[in-house]
Amino acid sequence: MSKAFITGVSGQDGYYLSKYLLDKGYEIHGTVRRSSSINTSRIDSLISEFSETGKFNLYYSDLLDQSSLSNLINLIEPDEVYNLAAQSHVAVSFKNPSYTSQVSTLGPLALLEVIKNSKKKIKYYQASSSEMYGGKDDKLLDELSLFDPKSPYAAAKLFAHNLTKVYRDSYDMFAVNGILFNHESPLRGETFVTRKITRAVARISLGLQKKLTLGNLDACRDWGFAGDYVEAMWLMLQHDKPDDWVIATGESFSVKQFLNIAFEIVGLDYEEYVLTSDKYFRPNEVNFLKGDATKAKKELGWEPKTSFNDLVKMMVESDIELSKREKVLL
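Note that the structure is a prediction, hence the values are computed from the model and not measured. (Residues numbered from 1 in each chain as written. Predicted model: local features only at pLDDT ≥ 70, side-chain atom pairs only at ≥ 80, totals over all residues. Heavy atoms only, no water.)

Draft legend 1. Quick look at the overall build of the protein. The helix and strand inventory of the protein stands at 11 helices and 13 strands. Computed over the C-alpha atoms, the radius of gyration of the protein is 20 Å, within 12% of the 20 Å expected from 2.2 N^0.38 for a compact globule of 330 residues. Over its C-alpha atoms, taken along the principal directions, the protein stretches across nearly 60 × 45 × 40 Å. When burial is assessed residue by residue, the protein has 53% of its 330 residues classed as buried. In the protein, of all internal contacts separated by at least 6 residues, the share reaching a separation of at least 24 is 81%. Element-wise, carbon and sulfur atoms account for 48% of the exposed surface of the protein, whose accessible area totals about 15,000 Å². Seen as two clouds, the 40 positive and the 44 negative side-chain charges of the protein have centres 3 Å apart. (Helix = DSSP H or I, 4+ residues; strand = E, 2+ residues; numbered from the N terminus. Rg over C-alpha atoms; globule rule 2.2 N^0.38 Å. Buried < 20%, exposed > 50% of the residue type's maximum accessible area, 1.4 Å probe, protein only. Contact = heavy atoms within 4.5 Å. Areas by Shrake-Rupley, 256 points an atom, 1.4 Å probe, with all protein chains shown as cover. Lys, Arg positive; Asp, Glu negative; His and termini not counted. Charge placed at Lys NZ, Arg CZ, Asp CG, Glu CD.)

Structure (structure tokens):
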């Protein structure tokens with residue numbers, strides 16, 4: 001039975017990756033950060049179904065605690081390590097640049113050091129980000145495109161991306177970078193623009209909310225479904241040699257287009273409900289991102305299965321059910 005060690009297991013990607021690997025017969029070992037309010041709501045179904053059998057195991061740890069990570073990996077001896085943990089909200093990274101940067105730089109460094117010194121040959125996946133490109137121009141971006149980070153989050157991710165390549169080349173490690181473009185789902189955090197929109201659409205349609213305030217409505221992103229993208233993570237670690245791959249849909253849509261589709265699902269016109277505020281604009285905007293996943297399709301056999309319209313519909317319908325339960329409790 002293969003073992004996977006996943007940091008950030010309680011997040012959106014952590015859930016979908018865990019579910020994907022459990023279906024393949026893996027034994028999962030995941031870390032959650034101890035805090036005053038520990039939220040495992042996304043993975044509660046996995047805990048209840050698999051924890052008693054020993055197939056899904058949780059540990060308190062932190063990417064800034066190298067000793068803890070070292071002890072866990074040496075104890076578990078996983079076959080694969082997936083580093084998904086990060087302070088991943090770009091806007092928050094401007095307000096808390098120190099913590100954001102430390103988690104996304106010192107964390108990967110600690111993991112790579114532990115794996116390098118391990119007696120077992122462990123494969124490593126680093127979650128890189130399309131934010132590293134900067135998104136200045138309307139260009140299709142691939143593995144050879146230039147990076148130009150525009151936020152503390154993106155700069156820290158680029159450090160970890162390059163560090164992973166350094167360890168791969170210097171120590172003959174099986175270490176890969178997955179350059180994932182925006183990937184969403186009903187489990188996306190409610191502070192991210194896509195989920196903020198679908199949550200508001202559901203609440204407005206049920207009379208629980210009147211308006212939605214956003215920032216830059218012209219920003220364009222390559223949005224895919226997180227459930228599709230975790231398959232690519234796994235495929236990278238099954239490839240015959242380690243490398244870096246872009247994972248994207250190859251299409252880009254504006255926030256306005258996302259709004260239009262989401263509000264149309266409930267028969268409403270977004271222009272009657274959406275306001276904009278400078279409060280939600282970034283200090284340094286990333287205007288356009290669109291990825292070219294040709295290499296992943298050719299070498300990994302991966303391509304997205306979920307269309308943009310289906311993704312938006314999935315998220316809105318999920319939030320409508322959530323809002324219905326919310327309304328009952330009022």
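After that view of the structure, there is still more to cover.
Draft legend 2. A negative patch on the surface, seen in detail. Together, E264, D269, E271 and E272 give the surface a local cluster of negative charge. Summarising the element assignment, E271 is placed in the loop between α9 (255–265) and β13 (274–276). Using a relative accessible area of 58% as the deciding quantity, one classes E271 as exposed. (Patch = residues over 30% accessible without salt bridge, like charges linked within 9 Å, V, L, I, M, F, W, Y side chains within 5 Å. Salt bridge = Lys/Arg side-chain N within 4 Å of Asp/Glu carboxyl O.)

Draft legend 3. Spotlight on the packing of helix α5 (residues 97–117) against helix α6 (residues 152–171). One way to put it is that α5 packs onto α6 with a least axis distance of 8 Å and a crossing angle of 15 degrees. One element, α5, and the other, α6, form an angle in the roughly parallel class. In this structure, the crossing between α5 and α6 has a hand that is right-handed. Residues P97, T100, S101, S104, T105, P108, L109, L112, E113 and K116 of α5 form the contact with α6, whose participating residues are P152, Y153, A156, K157, F159, A160, L163, T164, Y167 and Y171. A per-class count over the contact of α5 with α6 returns 12 nonpolar, five polar and three charged. (Axes fitted to C-alpha atoms, helices over the stretch in contact; angles between N-to-C directions. Parallel < 35°, antiparallel > 145°, perpendicular 65-115°, else oblique. Left-handed = near helix turned anticlockwise from the far one by under 90°. Nonpolar A, V, L, I, M, F, W, Y, C, P; charged D, E, K, R; others polar.)

Draft legend 4. Broad picture of the sheet that holds strand β3 (residues 56–60). Sheet architecture is open: seven strands sit in the order β3-β2-β1-β4-β5-β6-β11, paired in parallel fashion. A strand with exactly one partner marks an edge of an open sheet, and here the two such strands are β3 and β11 (244–247). Taking each pair of neighbouring strands and ignoring which way they run, the sheet shows an average axis angle of 20 degrees. Contacting β1 (3–7), β2 (27–32), β3 and β4 (80–83), helix α3 (residues 66–76) crosses the sheet at an angle of about 165 degrees to β1. (Pairing = 2+ DSSP bridges.)

Draft legend 5. Here's a closer look at the pairing of strand β5 (residues 123–129). In terms of burial, β5 is a largely internal element, six of the seven residues being buried. Of the strand pairs in this sheet, β4 and β5 are connected by four bridges, and their pairing is parallel. Residue pairing for β5: N83 is matched across the bridge by Q126. Strand direction decides the pairing type here: β5 and strand β6 (residues 175–180), joined by six bridges, are parallel. Note that in β6 the partner of Y125 across the bridge is V176. For the handedness criterion, the β-α-β arrangement of β5, α6 and β6 is classed as right-handed. (Right-handed = clockwise from strand over helix to strand, strands pointing away.)

Draft legend 6. Here's a closer look at the nonpolar core. In terms of nonpolar packing, the biggest core is built from 64 residues, with L21, Y82, Y125, I197, M236, L259 and W302 touching the most fellow members. The dominant element in this core, judged by the number of residues it contributes, is helix α8 (residues 226–238), at nine residues. Ignoring any residue separated from it by four or fewer positions in sequence, one finds Y125 in contact with V81, Y82, N83, L84, V176, G178, L180, M233, M236 and L237. V81, A85, Y167 and M173 belong to the second largest nonpolar core, which has 20 residues in total. (Core = buried A, V, L, I, M, F, W, Y, C linked by side-chain atoms within 4.5 Å.)

Draft legend 7. The arrangement of the packing of aromatic side chains in detail. Taken as a whole and judged by the stated rule, the model has 13 aromatic pairs. Relative to F308, the ring of F258 lies with its centre 5.7 Å away and its plane at 75 degrees, an arrangement referred to as edge-to-face. Taken together, the residues F258 in helix α9 and F308 in helix α11 (residues 308–329) connect sequence positions 50 residues apart. Judged by its relative accessible area of 1%, F258 falls in the buried class. On the accessibility criterion, F308 (4% relative accessible area) is buried. Taken together, W223, F253, F258 and F308 form an aromatic cluster joined through their ring pairs. One Lys or Arg, K24, reaches over the ring of W234 and ends 4.2 Å from the middle of that ring. We note R188 situated over the ring of F192; from NZ or CZ to the ring centre the distance is 3.9 Å. (Phe/Tyr/Trp six-rings, centres within 6.5 Å; stacked < 30°, edge-to-face > 60°. Lys NZ or Arg CZ within 6 Å of the ring centre and 35° of its normal.)

Draft legend 8. Highlighting the side chain of S130. Tracing the backbone through its elements, the reader meets S130 in the loop between β5 and α6. Beyond its immediate stretch of four places on either side in the chain, S130 contacts I179, L180, F181, N182 and L289.

Draft legend 9. Representation of α9 within the structure. Listed in full, the buried residues belonging to α9 are V255, F258, L259, I261, A262 and F263. In this structure, the buried residues of α9 make contact with α7 (193–205), β8 (212–214), β12 (253–254), β13 and α11. At the exit of α9 stands G267, carrying a positive phi of roughly 75 degrees.

Draft legend 10. Molecular detail of the packing of α7 against α9. Following both chains from N to C, one finds α7 and α9 inclined at 30 degrees, their axes separated by 10 Å at the closest point. Between α7 and α9, the interaxial angle falls into the category roughly parallel. You can see that α7 and α9 cross each other, and the crossing is right-handed. Residue-level contacts link V193, T194, I197, T198, V201 and I204 of α7 to V255, F258, L259, A262 and F263 of α9. The residue inventory of the contact of α7 with α9, partitioned by class, reads nine nonpolar, two polar and no charged.

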